[in-house]
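Chain by chain, the residues run as shown.
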Amino acid sequence: MITDILSFYNITDFELHGRSRRPQVVEARQMSWLMLQQAGYTLEQIGAIYNRDRSTVHSGIKHIKGIIETDKKTREFYNRLNKQ
């Protein structure tokens, strides 16, 4: 799953777990948070993995859900991830 996200957004694992605020990195990070949440991780656990506060993770997940609703390409990618 993570490798698919890295490939789709064309970023590295270092960038995904880093502090970059470039839009494609932020969106990839938020997508990975959403997928981890759906896999059963708590906000606190996801925050610990990414060295973020639970409220940051919660906000990011809410944001990526909005993008999925409005952006066709992101929605198709998200649906593909869910089928795996």
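Residues numbered from 1 in each chain as written. Predicted model: local features only at pLDDT ≥ 70, side-chain atom pairs only at ≥ 80, totals over all residues. Heavy atoms only, no water.

## Notes on the packing of aromatic side chains
Enumeration according to the criterion identifies four aromatic pairs in this entry. The interplanar angle of 90° and the centroid separation of 4.9 Å between the aromatic rings of Phe8 and Tyr9 together place this pair among those described as edge-to-face. Taking the relative accessible area as the measure of exposure, Tyr9 reaches 7% and is therefore buried. Aromatic pair Trp33 and Tyr50: ring centres 5.9 Å apart, planes at 80°, arrangement edge-to-face. Of this pair, Trp33 sits in helix α3 (residues 23-38) while Tyr50 sits in helix α4 (residues 43-50); the two residues are 17 residues apart in sequence, bridging distant segments of the chain. We note that Trp33, like Tyr50, is buried. The rings of Phe8, Tyr9 and Phe77 are connected pair by pair, giving a single aromatic cluster. (Phe/Tyr/Trp six-rings, centres within 6.5 Å; stacked < 30°, edge-to-face > 60°. Buried < 20%, exposed > 50% of the residue type's maximum accessible area, 1.4 Å probe, protein only. Helix = DSSP H or I, 4+ residues; strand = E, 2+ residues; numbered from the N terminus.)

## A word on the packing of helix α1 (residues 2-9) against α3
Helix-helix packing is described using two parameters, namely the angle between the two axes and the distance between the axes. Across the interface, α1 lies against α3 with an axial gap of 10 Å and an inter-helix angle of 160°. Here α3 runs roughly antiparallel to α1, going by the angle between their axes. Pair α1 / α3 crosses with right-handed handedness. Judged by residue contacts, Ile2, Ile5 and Tyr9 of α1 engage Gln24, Glu27, Ala28, Met31, Ser32 and Met35 from α3. (Axes fitted to C-alpha atoms, helices over the stretch in contact; angles between N-to-C directions. Parallel < 35°, antiparallel > 145°, perpendicular 65-115°, else oblique. Left-handed = near helix turned anticlockwise from the far one by under 90°. Contact = heavy atoms within 4.5 Å.)

## Brief notes about α1
Along α1, the residues that are buried comprise Ile5, Leu6 and Tyr9. The buried side chains of α1 occupy one side of the element, clustering within an arc of 100° when seen end-on. Exposed and facing more than 90 degrees away from the buried side of α1 are Thr3 and Ser7. Residues of α1 that are buried in the fold lie against α2 (13-17), α3, α5 (54-70) and α6 (72-83). Phi turns positive one or two residues past the end of α1, at Asn10, with a value near 55°. (Arc of directions from axis to C-beta.)

## Comments concerning the layout of surface pockets
The rolling of a water-molecule-sized probe over the atoms marks out the regions of remaining empty space. Each pocket or cavity is described by its volume, and for the largest pocket that value is around 170 Å³. Lining of the largest pocket is provided by Arg19, Ser20, Arg21, Val26, Arg29, Gln30, Trp33, Arg52, Thr56 and Gly60. Elements with a minimum of two residues in the lining of the largest pocket: α3 and α5. With four residues, the single largest contributor to the lining of the largest pocket is α3. Along the lines of polarity and charge, the residues of the lining of the largest pocket split into two nonpolar, four polar and four charged. (1 Å grid on protein atoms, 1.4 Å probe; cavity = no way out; pocket = protein on both sides within 12 Å on 5 of 7 lines; lining within 4 Å. Points joined across faces, edges and corners; volume = space filled by probe spheres on them. Nonpolar A, V, L, I, M, F, W, Y, C, P; charged D, E, K, R; others polar.)

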